[in-house]
Amino acid sequence: MRLLDTNTAGFRDIDDPNDARYAILSHVWDHTDGEQSLQVNPRAISLDLDEACPASLTVLSAKNRECCVFARMNGYRYVWIDTCCIDRLSSAELSEAINSMYEWYSRATVCYAFLADVDDLEDPRSPTSLFRRSKWFTRGWTLQELIAPAEVFFLSRDWRIIGTRETLANVIEEITGIDADILTHRRTLDSVSIARRMSWASKRRTSRVEDEAYSLMGIFGVHMPTIYGEGRNAFFRLQREIIEHCADQSIFAWGHIFPDSTESTSTFQSSSTTTTVHRAPSRFLHVKIRPATSLHS
């Protein structure tokens, strides 16, 4: 795991996320202006610096710099930002990071959810608030980033606190369909059926089709190699891993809801059993199953 130093803009490599106290960023990637990668550091720019922003941070993009400043002001020497803390030119490192990401978010002391399309001048509880309509709630990767961390602070476009996952749990439940008890960690993920967890992802979108599956591995506690270019096969592989590691049969709950499923299903052979699985999380949209006991074998 590679952490960004909020004082120097340098990196620190650690083998165990428990070895450092760090904040972690959750955000929506800017595909218009691009994001700063590990390999690309913009030239230092002229800024009105103060004690909160050391000159060393001017090599960072605006978003990464503001994240470091905010974390530093709140006592964090290190932050983890997905855009610049992963070497995406290394397929091995990228696969390891994607398989580890849920754990990294869960081990962070705090997660900062940066909502670039929300200001802090309105009540997020309002039925017409920008908070409710934020793009952050529609993206695939932010599902695990919402659930996994011990604590989540929602930040406005100006890096001001809007609220926390705890204080806004009821609003977030209305937005996402995720039970407030799950959001506040009063219930564990394995107390919720597979199909119900799939339904949380049913309206979310990812830029790469494979990420529909990869972004859900932590939600289901499974691991598998990432193979960009495999397309929908990634979601078939995810379901196979879930079926092989979990006794919960609700993953087949879509059958009576989608009788036309022949065009969007696949089968795989496991021992003497042939299993049919679906092609995308969207097929679990209407699932409402809520068992009360743990479903893991």
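Only a predicted model underlies this, so the values are computations on that prediction, with no experimental measurement involved.

For the chain, the count of helices and strands is ten helices and nine strands. For the chain, buried positions account for 53% of its 297 residues. Long-range contacts, defined here as pairs at least 24 residues apart, represent 61% of the contacts in the chain between residues at least 6 apart. Of the roughly 13,900 Å² that the chain leaves accessible, carbon and sulfur atoms contribute 48%.

Before going further, it helps to examine unusual backbone geometry. The residue Ala9 is not glycine, and still its phi comes out positive at about 65°. Looking at where Ala9 falls in the secondary structure, it is placed in the loop between strand E1 (2-5) and strand E2 (11-13). Non-glycine residue Trp159 carries a positive phi angle of around 60°. As for its placement among the helices and strands, Trp159 is situated in the loop between strand E6 (152-155) and strand E7 (161-164). Given the relative accessible area of 9%, Trp159 is considered buried.

This part takes up the confidence of the model for the chain. Any region with low pLDDT has predicted coordinates that should not be read closely. Across the chain, pLDDT averages 84, with 76% of residues at or above 70. Under a pLDDT of 50 for its full length, residues 42-49 has, in the predicted model, twelve contacts with residues more than four places off or in other chains. Within the model, the stretch residues 255-263 combines pLDDT values under 50 with eight contacts to residues more than four positions away or in other chains.

Most of strand E3 (residues 22-26) is tucked away, with five of its five residues classed as buried. With burial as the criterion, each face of E3 is covered, one bearing Tyr22, Ile24 and Ser26 and the other bearing Ala23 and Leu25. In this sheet, strand E4 (residues 78-80) lies alongside E3 in parallel orientation, the contact comprising three bridges. Bridge assignment links Tyr22 to a residue of E4, and that residue is Tyr78.

End to end, helix H1 (residues 62-73) covers 16 Å across twelve residues, agreeing with the expected 16 Å (1.5 Å per residue, within 8%). Taken together, the buried positions of H1 are occupied by Lys63, Asn64, Arg65, Cys67, Cys68, Val69, Phe70 and Ala71. The positive-phi residue at the C-terminal boundary of H1 is Gly75, with phi of around 90°.

Here helix H3 (residues 91-107) is 17 residues long and its end C-alpha atoms lie 24 Å apart, about the 24 Å a rise of 1.5 Å per residue gives. Of all the bends in H3, the greatest measures close to 55° and is centred on Ser100. Here H3 has its buried residues at Leu94, Ser95, Ala97, Ile98, Asn99, Ser100, Met101, Tyr102, Trp104 and Tyr105. Among the structural elements, E3, E4, strand E5 (110-114), helix H4 (142-147), helix H8 (211-214) and helix H9 (217-220) are those in contact with the buried residues of H3.

Cut-off values and rules
- Residues numbered from 1 in each chain as written.
- Predicted model: local features only at pLDDT ≥ 70, side-chain atom pairs only at ≥ 80, totals over all residues.
- Heavy atoms only, no water.
- Helix = DSSP H or I, 4+ residues; strand = E, 2+ residues; numbered from the N terminus.
- Buried < 20%, exposed > 50% of the residue type's maximum accessible area, 1.4 Å probe, protein only.
- Contact = heavy atoms within 4.5 Å.
- Areas by Shrake-Rupley, 256 points an atom, 1.4 Å probe, with all protein chains shown as cover.
- pLDDT = per-residue confidence, 0-100.
- Pairing = 2+ DSSP bridges.
- Expected span 1.5 Å × (residues − 1).
- Bend = angle between axes of the 7 residues up to and from the residue.

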